[in-house]
Amino acid sequence: MNPRLSRFAKAYFDDKIALAGFIGVVVLILLAIFAPLIAPQNPYDLAQLTIVDGRLPPGSEGTTGIYYLLGTDEQGRDMLSAILYGLRTSLIVGIVSVMLALVIGGVIGLISGYVGGWVDAFIMRTVDLQLSIPTILVALILLATLGKGIDKIIIALVVAQWAIFVRIARAAVLVEKEKDYIAAAQCQALGRWRILFTQLAPNCVSPLIVMAAISVAGAISLEATLSFLGLGVPITRPSLGLLISNGFEYLLSGRYWISTFPGLALVVVIVCINLVGDRLSDVLNPRLDT
Amino acid sequence: MRFALPYLSRLLGLMLILGWAELGFAQTLRIGTKTLPSSADPHYHYSGENSSMLPHIYDGLIALDKELHPQPSLATAWRVIDENIWEFDLRKDVYFHDGSKFTAEDIVYTFNRVPAVRNSPGSYERLTRRVKKIEVLTPHRIRFHTDGPHPSLDHDLAYVMILPHHLGLDVETTSFNAGTSAIGTGPYKFVEWVPGQFFKLERNANYWGGTPTWTDVVFTAITSDPTRIAALLNDQVDLTDFVPLADRESLGKNPHITLHDNAAARLMFIHMDSDRDVSPYITDIDGRPFTKNPLKDARVRRALSKALDRQAIVTYLLDGAGIPASQILPASFEGSSPDLLPDVYDVEGAKKLLAEAGYPNGFRLVLHSPSDRYPNDAKVAQAIAQMWWRIGVLTEVETQTRNIFFPAAARQEFSVYFSGWGDALVANALLGLVHTYDAESGFGSGNRARYSNSEVDTLIETALTTLDKDKQIELLERAQAIAFREDQGLIPLYHPTYSWASSNKISYRANLEGRTQAMLAKPKQVAP
């Protein structure tokens, strides 16, 4: 094993809670990947649903012979299956949108910090402008114009998040580019872009990774918020947020399971990802490095 | 012991008096309502909330009974003289709240005022404009001259509230809202109104129709559904309207609460684009567009109707707050056909019809629905999609907020959509929803799918000018049999229910216009 990686792993798993978070994330990702195999029902296939089995409490058996461990919603969707599939949507949306935002924002930030001058000024004022508008508002406006669909929600989340990565990448570049190894690279007469992407970029990655890990949780909860408000995913392919929204009106009438279980699932996802993110930021923080 | 007996009897007497006083307090009716009226001016804004509140203060010439049949009110009797002339006998010895006497002059004044009201967001003129002339024969007998036969005149008059002529034509709406000019002949008098908060009324002891039940009536606006129900459960109000579907089950089980339901004069339906050869949201099973729109074939439309389990939708998604529909208004309405029963849920029959029409493997479509206009609209749309999947019509559901949905539907942006239509008269409802669209005449204003059948058009048009009730009913029944069954121009799904919840000390006459009125509430007999 790569000695750097094993050192990093050792530092990371030193913390028991972080270990739990990591295991949690791995389990959740596996559940999401193998959802079609685990779930008793495909909740997105409308032909498999029947409203006759609607709003059954946890532990009921339906007319279709399925045992509904966590009950059903009003469309007769098995809550367990819906949560597994919803988890998929949430993780895909969270991870993909953050990766894209990371790449786009990171590259722009690197260029901004390295090139400097009016390019830097222009990019940073644009970023300031966007960061002054609340993220949820940016996403709401975008979705209202784009319409529904997972691709649309990813686009909205990328636009809502790229700016913060620009700032972080730029700050890292400003520190790194004054260091000796950059001067050494310049002495070797390496091209500007080559220095930027082969020398500078790898050394600016850690703060970006920490930010990305934390942002995934943020993106998932943002997606849930948008779906809860009725923007985002199509109504027949509910994500966790939309499931919570669907069950919301039944909360006071005693049908707690429609909203509560997806809500718990969302909490677990966000907590696990945040644990991982926090630990990453501890381990990768150069100031704490001994 | 000597003093005990008279003392006891006095105590008993006191208790009796207090008991009566207690009963007297109980004569205040507290209503928690979702919406308050937009004005106290009876000719300002023709809307459901206003039609509900204003009859407390004002009367029309006609009142409508439970089945919406015209009944005497300020008019005691009426007759059709010839096809363009109606004669009305006016009630004698009726006084307005300010003591002035009601005569024919007030009718003339009212009909002159309706078109004179300024800045009306929804004018009452549509109810009065077909009356060309009012002829006063005596102070208590008048004749209306209409511009051609107008069979629903008596019905329309029930919504035109009569004002005293001394108010003058330049009286402003604000003067009604302040209470100064809110003078009618109705059972209750205006006391105080704070828009968006409460509306207070008191008994009109001299009401011509007998002493009204309640001494005081307070309407409190409680917009939020859970808050309104909580107010009822905590005995802050005696009656609430618009009971949310999610609370029906728990309220039904509560021994202190009574639910009052009535089918609404409204149809929830599915409109299908049977007009265009290529419809935007219909493709074959592999996602390729059709050159010939399958919805143009009546057999396909029949199949889509047969595939729907209406009873299941009502039972599971509306908690029983609806009845399966086969035509535009529930069967109790004049012009509804007793023989036209809701389509029977029949998956095999539907598949067979699809195969006969040349689509044995089904096709794909997108069903559009508003998400916040009707109770559980988006949920019902998903259930429709479920049922269509079972016959091989792979349906995606797209829901939109009402402000986006309705303009888009009006621009024919959809292929198939789920929506509702309300009108208390079968003929008018058919004219708006089923008649061929014609921008100029306003016919088919709700026919956003552009269904068109000339036979149905002729039947509706003839019915609208037929004064002979039996003949009119026959025409309307025939039009509906074609439009909703033989040709399946649109798919009737269900009639929603209006529901009220009250404390069990009160009885309420649920009604199909969704009106929340003190006149419809009575205290239940309780032993003193």
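Calculation notes
- Starting afresh in each chain, residues are numbered from 1 along the sequence in its written order.
- Going through the entries in the order they are written, you letter the chains from A and number the ligands from 1.
- Since the coordinates come from a predicted model, pLDDT governs what is reported: local features require at least 70, and pairs of side-chain atoms require 80 or more to be given and counted, while whole-chain, interface and lining totals use all residues.
- Helix and strand assignments follow DSSP, with helices taken as H or I runs no shorter than four residues and strands as E runs no shorter than two, numbered in order from the N terminus.
- Note that contacts rest on C-beta atoms placed from the backbone: two residues are in contact if these are within 7 Å.
- Per residue, pLDDT captures the predictor's confidence, and it can take any value from 0 to 100.
- Exposed residues have 12 or fewer other C-beta atoms within 10 Å of their own C-beta, buried residues have 20 or more, and partly exposed residues fall in between, where C-beta atoms are placed from the backbone.
- If DSSP finds at least two bridges between two strands, the strands pair.
- Crossover handedness is defined here as right-handed if the route from the first strand over the helix to the second strand goes clockwise, with the strands pointing away from the viewer.
- Residues enter a nonpolar core if they are buried, belong to Ala, Val, Leu, Ile, Met, Phe, Trp, Tyr or Cys, and are joined to the set through C-beta atoms within 7 Å.
- Axis lines are fitted through C-alpha atoms, for helices just across the contact stretch, and the angle between N-to-C directions can take any value from 0 to 180 degrees.
- For any helix crossing, the convention is left-handed if the near helix is rotated counterclockwise from the far helix by under a right angle, and right-handed if that rotation is clockwise.
- When residues are grouped by polarity, Ala, Val, Leu, Ile, Met, Phe, Trp, Tyr, Cys and Pro land in nonpolar, Asp, Glu, Lys and Arg in charged, and all others, Gly among them, in polar.
- These domain boundaries are the output of an automatic or database domain assignment.

Q: I'd love a proper account of the overall build of chain A, names of residues and values included.
A: If you tally the helices and strands in chain A, you get eleven helices and two strands. The secondary structure elements of chain A, listed N-terminal to C-terminal, are α-α-α-β-β-α-α-α-α-α-α-α-α. With the C-alpha coordinates of chain A rotated into their principal frame, the extents come out at 75 × 45 × 30 Å. Of all intrachain contacts in chain A linking residues separated by at least 6 positions in sequence, the fraction that spans at least 24 positions is 68%.

Q: With reference to specific residues and values, describe the confidence of the model for chain B.
A: Residues and elements named next belong to chain B. Averaged over all residues, the pLDDT of chain B equals 92, while 95% of them reach at least 70. Ignoring residues within four places in sequence, the model shows residues 15-25, a span with pLDDT below 50, making two contacts including any to other chains. Model confidence for the complex: the whole-complex pTM is 0.84, and ipTM, which rates the interface, is 0.83.

Q: How would you sum up the pairing of strand S16 (residues 363-370) of chain B? Please name residues and give values.
A: Residue and element names in this part refer to chain B. Within S16, six of the eight residues are buried, which leaves the element mostly enclosed by the surrounding structure. As defined by bridge partners, strand S14 (residues 282-283) adjoins S16 across two bridges and the pair is classed as antiparallel. Looking at S16, one finds that isoleucine 282 is bridged to leucine 365. A crossover links S16 with its parallel partner strand S17 (residues 393-400), the connecting element being helix H12 (residues 377-389), and its sense is right-handed.

Q: Account for the nonpolar core, naming residues and giving values.
A: In this structure, A:Leu157, B:Ile384 and B:Leu430 are the most contacted members of the largest nonpolar core, which totals 154 residues. Those residues in contact with B:Ile384, other than ones at most four positions away along the chain, are B:Ile270, B:Leu308, B:Leu367 and B:Phe418. Within the second largest apolar cluster, 62 residues are counted, among which are B:Leu127, B:Met161, B:Leu163 and B:Leu201.

Q: Explain the packing of helix H6 (residues 135-146) of chain A against helix H7 (residues 150-176) of chain A residue by residue, including any values.
A: Residue and element names in this part refer to chain A. Direction vectors running N to C along H6 and H7 enclose 145°, while the axes themselves pass 9 Å from each other. Here H6 and H7 pass one another in a crossing that is right-handed. Across the interface between the two elements, Thr135, Val138, Ala139, Leu142, Leu143 and Leu146 from H6 touch Lys152, Ile153, Ile155, Ala156, Leu157, Val159 and Ala160 from H7. Its residues placed into classes, the contact of H6 with H7 shows eleven nonpolar, one polar and one charged.

Q: Just give me the short version of the packing of helix H8 (residues 180-187) of chain A against helix H9 (residues 192-228) of chain A, but keep the residues and values in it.
A: Residues and elements named next belong to chain A. Between H8 and H9, the shortest axis-to-axis distance is 11 Å and the interhelical angle comes to 145°. As for the relative orientation of H8 and H9, their crossing is right-handed in sense. For the pair formed by H8 and H9, the contact residues are Tyr181, Ile182, Ala185 and Gln186 on the first element and Ile195, Gln199 and Leu200 on the second. In the contact of H8 with H9, the residues fall into five nonpolar, two polar and no charged.

Q: So, the domain arrangement of chain B: which residues are in play, and what are the values?
A: Residue and element names in this part refer to chain B. Once the domains are mapped, chain B shows domain 1 (1-34 + 187-256 + 504-528), domain 2 (50-165) and domain 3 (266-496). Taking only C-alpha atoms, the centre of domain 1 and the centre of domain 3 are 41 Å apart. The partner domain 3 presents six residues to the four residues of domain 1 that form the contact. Looking at the side of domain 1 that touches domain 3, its residues break down into one nonpolar, no polar and three charged.

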